Structure formats: C-alpha cells, structure tokens
Amino acid sequence: MKYNSTRNKRLHFTPAQAIAQGLSREGGLFVPCEIPSLSCEALTRLRDMSYQQRAVYIMGLYLEGFREDELDAAAAAAYGPAKFDTPAVAPLRKVDEDTFCLELWHGPTCAFKDMALQMLPHLLSLSLKKTDEDKTACILVATSGDTGKAALEGFRDVEQTKILVFYPKDGVSEIQQLQMATQEGENVGVWAVIGNFDDAQTGVKHLFSDPELREELAGRGYFLSSANSINWGRVLPQIVYYVSAYCDLLRDGRVQMGEEINICVPTGNFGNILAAYYAREMGVPVRKLICASNSNNVLTDFLKTGVYDRNRSFYNTISPSMDILISSNLERLLYLLSDEDDAVVADYMDQLSAQGRYTVHGGMLKAIQDCFAGGWADETATKATIAAMKKDHDYLIDTHTAVAFKVLEDYRKETGDQTCTVVASTASPFKFCDSVLSALGVEEQAKGVALLEQLSAVSGVDAPAPLAALGSKSVRFTEFGEKEQMRDEVRAFLK
Ligand SMILES: *Cc1c(COP(=O)(O)O)cnc(C)c1O
C-alpha cells in the first residue's frame, strides 16, 4: 500500500518513505491511499490475541515492505513488561454497565503519548534502513512538558537515532522538569531555554530551516528530524488501541460482534480521535466519535457550524495538553471526507494560515456531523467531574480524562444516546497532582515529588512506579541558556 500527500495526491510514497520523511515537501500530511478493512473473522481472531499481537496484525496492514518479524520485535520492545506496568498495555476499566475507560497511560511516562512514542522510534529506525538512509536521525523536540519526556523515553537507546529536547526553563511543572532532568540513555540530551514555550519552539523551527547547519551535520553523518504528532508513525500505533478496546469488549461479553459503540476522546491536535476514525473506517462498529475540548473549544464550534476559526482568546487550562488552537491532524479528516480532493484541502489550509479561518462546504459538514459529535467543558465542570467520579465510582481520573467524561455526560443528556461508550483516558492523575488535589478539595498542597504521596494518601491509590521513583533518580541534565545558544547546543550534542 502506498501513501499520498493530503495536498498533492499525485505524489506516491512507500510507508517507509512516509515515516522517514514525516511531512510532505509541499506541506501536506501523509495518508494511506486506501484504508484496509477488518472483517468479522479478523476481529474474532484479534479478540484472542495479546496487545502486541494485535499491534503487529493491525500495523502490518498499513506497512507494506515491513516484515512480520520486524514488527514482532518492535511491538515486544515498545509494549513489553519493561515499559508497561500491565500486560494488557491499554486496559479497559468498567465504570458502569455502558461506560468503559480505556487507560492509555500505563507506559513509562504515564501519559497516552507513550502509546505512539514507544513505537515510532522503532518504525523510524526500520524506515531508515528500508530507504537506505545511512545517516543518524537527530530528533529535535521543543516541549511544554508531556511530549518531550515521552519522546526521550521512546528514542532512548534506539539504533540510528539521537534525541535532544528543549524545554522552557520556567514553563514546565516541577515533576515534568525532574522527569526530563533524570532521563537515562546514551543517545539523549535535555536543555532548558530561558523563556517560554514559544521561545523554545521558535528556536527549534529556526534550526530546522538553517541550511548551513544542515550541511555541517550531514558532513558528520546526521540529519535533523522531528517526532511531532503529524508523523503517520504516530497515528498508526494509536489505531491499534481502539481496535483492541473493541476486541476486549467482545472477549468479555460486553458487546456482541457487530454491535455499535461510541468513542469519546479528549482532543487537542486531533491525532488521537483521528486514529479512532481510522478504526471506524476499518470496520470497528462505531456509531459516534465524541470530540471533547476544554475552554479552547475551536473544534466544538467547527463540528457545530463548519467554521474553523482560530481567531479567539487562548486559555491556559488545567488540561494543558489540550490547549491548542490549530488541530493539525484535522487536515487528514478533511482529505478523507472531501473524497480525497487535495485542491480543496490545500485551499482550506491556505485560508487557515492567511486568515486563521476556513468554512467547509455543506456536503462535507454533513459527512463530519454524521460521524462526529463535539462538546467542551470549562474548568469548574472539569474539577467537579473529577470529584464526582471519585465519589460515585471510586475512580481517580486526571483533568484531560475529566473533560471527556463531562462532555459525554452532556452528550447523553442532550441526545438520549445510551450506546455503550469507550472513553479514552489520556494521562495518569498523578501527572497533574495539583489540579486533581484541588478538585478533591485539598488546597493545602505539598511541593515537588511530595505531591505524589499527598495525592496517594488522599485518594488511596498508589502513584505509578516511574513517577514514584523520581525522587531517587540522579539528575543528569542541569544546563540551560539563551535561545540564541540552541544552535551551538545542537552542534556540541552531535560532535
Ligand atoms: C496530547 C494529549 C492530548 C491530546 O491529544 P491529541 O492527539 O493532540 O488530540 C490529550 N490528553 C493528554 C494527556 C495529552 O498528553
């Protein structure tokens, strides 16, 4: 199977090219030319497999030219017991008779980014071999927290790769900072930039578009690459857990083969929910995909009106990984729903960058609304949901997951739709201790790693091992500097 670009469908790429390159040269995103389908027989076979086997089977459908033994090794390394604290990898927790929570945070950094970033490095390293690339990929990441740590853990000691992460010195939480400063691995680097997230991100963008630097690094056997969420190698591993969730429901007798479910996803960049859409298109019986936003509710408005408008206030919320006004992966959905009309997509994206808005035509809006519902939750409702879930179901959830549960509750009230629903849970509550404690009514809070123990004591839930171990890890990375020094930092890192 080949891949197209969303902005030029005459271009064809192998899966290895799409993953190695990340973004198409004219700015489009790579999409598979066709979506493979899963028959009932296939779902029945998958039902009795382990998570790793499901991953190999599903990813294999999209990865022509990758051998099964290669994918087996990748899945074993990415989702094995050394990385995930449960053999189920992405377990489903029953909340009530028709609500199940898909916990995507059992990996090494306790956020759902691990599901993709544990796999991407293996797919990238295989793709480099298959495209005869002999240079080493140096992944540069600017992070406001979660992605940086997940990328460091994913790329740590993976062949033919190095990774350097820049974070804003005063722009990440104490726990996030400690997670990165104590990172292990021979091929990793972490550096703090004086300034905010924008300073770090602008700095990284400059490095990518610096021809002199590129040439100098090429001479030393390196090229710069990114691990951001528009790489197909990040979307693909996410399709797996939605198929897997349906298989678990089948296996446990919660649904009958062919019975429809809904899926509710706390959304930022639209990557996670796009993966659910692919699972639906493959044949997983999904009625509605419910797109949950926080106060940055650009997607809620879009799903309701067909107008995507980023010209609005930006809010810093207690679900920071969803504080996004440009949901890049939406471009793939527009491509699929416009009957792969690359000119239409390119036009929308041009309007978005020139005016910050575009309006989709009526046919497209109808197609979107047939499949997607949307809603949003403010800070007060999000906190109230955390408290209610704890009280009513003895279930501790994080702020992002709480947004999803609140939006699901509203959706059910509004529509009366009681279809069995899978809610994607995207982070451990222990990653956002302060907000979760405050939602539980605890205003007198500890500092730093002591917050973990405090939340444990209040909730009766143990902190995940990788976070609990933070206090005893040695700090390896303490360096910081001005953003003008980032270039020299890269050169020194790749000496
Ligand atoms: C990244 C992230 C999200 C948003 O996922 P998208 O794929 O960007 O929509 C939601 N929750 C958490 C905890 C995240 O880290």
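To keep things clear, this report deals only with the structure shown in the data block. (Residues numbered from 1 in each chain as written. Predicted model: local features only at pLDDT ≥ 70, side-chain atom pairs only at ≥ 80, totals over all residues. Heavy atoms only, no water.)

## Describing the overall build of the chain
Scanning the chain from terminus to terminus reveals 22 helices and 16 strands. Over its C-alpha atoms the chain spans a radius of gyration of 22 Å, differing by no more than 12% from the 23 Å that the globule rule assigns to 495 residues. Going through the 495 residues of the chain one by one, you find that 59% of them count as buried. Of the contacts formed within the chain by residues at least 6 apart in sequence, a portion of 74% connects residues at least 24 apart. Total accessible area computed for the chain in this model is approximately 19500 Å², and 47% of it derives from carbon and sulfur atoms. (Helix = DSSP H or I, 4+ residues; strand = E, 2+ residues; numbered from the N terminus. Rg over C-alpha atoms; globule rule 2.2 N^0.38 Å. Buried < 20%, exposed > 50% of the residue type's maximum accessible area, 1.4 Å probe, protein only. Contact = heavy atoms within 4.5 Å. Areas by Shrake-Rupley, 256 points an atom, 1.4 Å probe, with all protein chains shown as cover.)

## A short note on the environment of Arg10
Structurally, Arg10 is set in strand β2 (residues 8-13). The exposure class of Arg10 is exposed, given its relative accessible area of 71%. Sequence separation between Arg10 and Gly221 is 211 residues, and the spatial gap between their C-alpha atoms is 32 Å.

## So, the sheet that holds β2
Taking strand neighbours across the sheet as the criterion, the three strands line up as β2-β1-β3 in an open arrangement whose pairing is antiparallel. A strand with exactly one partner marks an edge of an open sheet, and here the two such strands are β2 and β3 (30-32). Here the average twist between neighbouring strands, direction ignored, is 40°. Taken together, the three bridges between strand β1 (residues 3-5) and β3 define a ladder with antiparallel strand orientation. Paired with Ser5 across the bridge in β3 is Phe30. Contacts from helix α14 (residues 330-337) reach β1, β2 and β3, with the element oriented near 45° to β3. (Pairing = 2+ DSSP bridges. Axes fitted to C-alpha atoms, helices over the stretch in contact; angles between N-to-C directions.)

## A word on the side chain of Glu103
Residue position: Glu103 is located in strand β5 (residues 99-103). One buried charged residue, Glu103, forms no salt bridge at all, with the nearest opposite charge on Arg93 at 5.1 Å. Of the polar contacts made by the side chain of Glu103, one reaches the side chain of His106; its length is 2.8 Å. Beyond its immediate sequence surroundings of up to four residues, Glu103 is in contact with Val89, Ala90, Pro91, Arg93, Tyr395 and Ser425. (Lys, Arg positive; Asp, Glu negative; His and termini not counted. Salt bridge = Lys/Arg side-chain N within 4 Å of Asp/Glu carboxyl O. Polar contact = N/O pair within 3.5 Å; in protein donor to acceptor, adjacent residues only side chain to side chain.)

## Topic: the pattern of salt bridges
Per the counting criterion, the structure on display carries 32 salt bridges. For Lys129, the salt bridge is made with Glu159, and the minimal N-O distance between the two is 3.4 Å. A residue pair is termed long-range when its members are at least 10 positions apart, and Lys129 in helix α6 (residues 120-130) and Glu159 in the loop between α7 (146-155) and β7 (161-168) qualify at 30 residues. A relative accessible area of 43% means that Lys129 is categorised as partly exposed.

## Here we look at the nonpolar core
By size, the foremost hydrophobic cluster in this structure holds 115 residues, and its most contacted members are Ile239, Tyr242, Val243, Leu334, Tyr358 and Phe372. Top element by residues in this core is helix α11 (residues 232-251). It accounts for 13 residues. Leaving out residues up to four positions away in the same chain, Tyr242 has contacts with Leu102, Ile263, Val265, Asn272, Ala275, Ala276, Ala279 and Ala424. (Core = buried A, V, L, I, M, F, W, Y, C linked by side-chain atoms within 4.5 Å.)

## Concerning the sheet that holds β7
Pairing is parallel across the open sheet formed by five strands, whose spatial order is β9-β6-β7-β8-β16. Pairing within the sheet leaves two strands with one partner each, and these edge strands are β9 (222-225) and β16 (480-481). As defined by bridge partners, strand β8 (residues 188-193) adjoins β16 across two bridges and the pair is classed as parallel. The residue bridging Val193 from the neighbouring strand is Gly481, located in β16. Against the sheet, α7 contacts β6 (136-142), β7 and β8, and its axis sits at roughly 165° relative to β7.

## A word on the site of the ligand
Taken together, 15 residues sit near the ligand, with Lys113, Gly268, Asn269, Asn272 and Thr426 positioned nearest. With respect to the ligand, the backbone of Gly268 contributes an N or O atom lying 2.7 Å from an oxygen atom. (Near = heavy atom within 4 Å.)

## Overview of α11
Between its terminal C-alpha atoms α11 stretches 29 Å, which fits the 28 Å expected from 20 residues at 1.5 Å a residue. Burial within α11 is extensive, with 19 of its 20 residues counted as buried. The opening residue of α11 is Asn231, an N-cap whose side-chain oxygen sits 2.7 Å from the backbone nitrogen of Gly233. Residue Gly253 follows α11 closely and has a positive phi angle near 70°. (Expected span 1.5 Å × (residues − 1).)

## Quick notes on the environment of Ala468
Note on placement: Ala468 falls in helix α21 (residues 465-468). Its relative accessible area of 51% is what places Ala468 among the exposed residues. C-alpha separation for the pair Ala468 and Tyr335, spaced 133 residues apart in sequence, amounts to 43 Å.

## Some thoughts on the pairing of β6
Within β6, six of the seven residues are buried, leaving the element largely enclosed by the surrounding structure. One ladder, built from six bridges, connects β6 with β7; its direction is parallel. The partner of Ala142 across the bridge, within β7, is Phe166. Following the chain from β6 across α7 to the adjacent parallel β7, one finds a crossover that is right-handed. (Right-handed = clockwise from strand over helix to strand, strands pointing away.)

## Let's talk about unusual backbone geometry
When glycine is set aside, most residues are seen to have a negative phi, and most peptide bonds are trans. The residue Phe270 is not glycine, and still its phi comes out positive at about 75°. For Phe270, the location among the structural elements is in the loop between β10 (261-266) and α12 (271-282). Although it is not a glycine, Asp394 adopts a positive phi angle of roughly 50°.

## Description of the packing of helix α10 (residues 211-219) against helix α22 (residues 486-493)
Orientation of α10 relative to α22, taken along the N-to-C sense of each, is 10°, at an axis distance of 11 Å. For the element pair α10 / α22, the angle class is roughly parallel. Here Glu212, Leu213, Glu216 and Leu217 of α10 lie close against α22, whose contacting residues are Arg487, Val490 and Arg491. Residue composition of the contact of α10 with α22, by class: three nonpolar, no polar and four charged. (Parallel < 35°, antiparallel > 145°, perpendicular 65-115°, else oblique. Nonpolar A, V, L, I, M, F, W, Y, C, P; charged D, E, K, R; others polar.)

## Some details on the environment of Val422
Here Val422 lies in strand β15 (residues 421-425). In the structure, Val422 is positioned 173 residues away from Leu249 in sequence and 9.6 Å away in space, judged by C-alpha atoms. Apart from residues lying up to four places away in sequence, Val422 is in contact with Leu92, Phe100, Leu102, Ala245, Leu249, Ile261, Asn262, Ile263 and Cys264.

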